[in-house]
Amino acid sequence: MTQQLPPWPGTPPTCGPIILRKYTEADTHLAIEMGADPYIPLIGSLPAFPTATEALDWVDRQHAGTPMESVSPSP
């Protein structure tokens with residue numbers, strides 16, 4: 001069963017000095033780097049070796065709370 005993720009909290013979660021913040025378009029380069037990891041594309045919706053557009057789409061999906069089961073992997 002696929003469920004939508006809950007909305008992002010109004011106050012970002014923290015633990016000591018660590019703040020869990022929303023992804024932004026500025027994080028697209030990080031998604032490109034993560035896509036080069038052999039494991040990350042296997043466990044999530046980020047395609048392996050994403051283009052800049054695919055990486056930005058992934059960032060946008062994080063905001064939408066799209067569950068990974070509903071995202072089609074790149075061919």
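The shown structure was predicted, so the numbers you read here are calculated from the model rather than taken from an experiment.

*Asks:* Give a detailed account of the overall build of the protein, specifying residues and quantitative values.
*Replies:* Broken down by element type, the protein carries three helices and two strands. From first element to last, N terminus to C terminus, the protein shows the α and β order β-β-α-α-α. Out of the 75 residues belonging to the protein, those deemed buried represent 21%. For the protein, the accessible area works out to roughly 5,700 Å², and carbon and sulfur atoms hold 63% of it.

*Asks:* So what about the nonpolar core? Which residues, and what values?
*Replies:* Ala-31, Leu-46, Ala-55, Trp-58 and Val-59 form the largest nonpolar core, which has five residues in total. A total of three residues in this core trace back to one element, the largest contributor, which is helix α3 (residues 52–64). When neighbours within four sequence positions are excluded, Leu-46 is seen to be in contact with Ala-31, Met-34, Gly-35, Ile-40, Pro-41, Trp-58 and Arg-61.

*Asks:* Describe the packing of aromatic side chains, listing the residues and the values that go with them.
*Replies:* Any aromatic ring pair is given by two values, namely how distant the centres are and how the planes are angled relative to each other. Under the counting rule described, the total for this entry stands at one aromatic pair. Centroid distance Tyr-23 to Trp-58: 4.9 Å. Interplanar angle 70°. Geometry classified as edge-to-face. Here Trp-58 lies in helix α3 and Tyr-23 lies in the loop between β2 (18–19) and α1 (28–35), a separation of 35 residues in the sequence. Taking relative accessible area as the criterion, Tyr-23 reaches 32% and is therefore assigned partly exposed. Among the residues examined, Trp-58 registers a relative accessible area of 8% and is labelled buried.

The rules we used
Residues numbered from 1 in each chain as written. Predicted model: local features only at pLDDT ≥ 70, side-chain atom pairs only at ≥ 80, totals over all residues. Heavy atoms only, no water. Helix = DSSP H or I, 4+ residues; strand = E, 2+ residues; numbered from the N terminus. Buried < 20%, exposed > 50% of the residue type's maximum accessible area, 1.4 Å probe, protein only. Areas by Shrake-Rupley, 256 points an atom, 1.4 Å probe, with all protein chains shown as cover. Core = buried A, V, L, I, M, F, W, Y, C linked by side-chain atoms within 4.5 Å. Contact = heavy atoms within 4.5 Å. Phe/Tyr/Trp six-rings, centres within 6.5 Å; stacked < 30°, edge-to-face > 60°.

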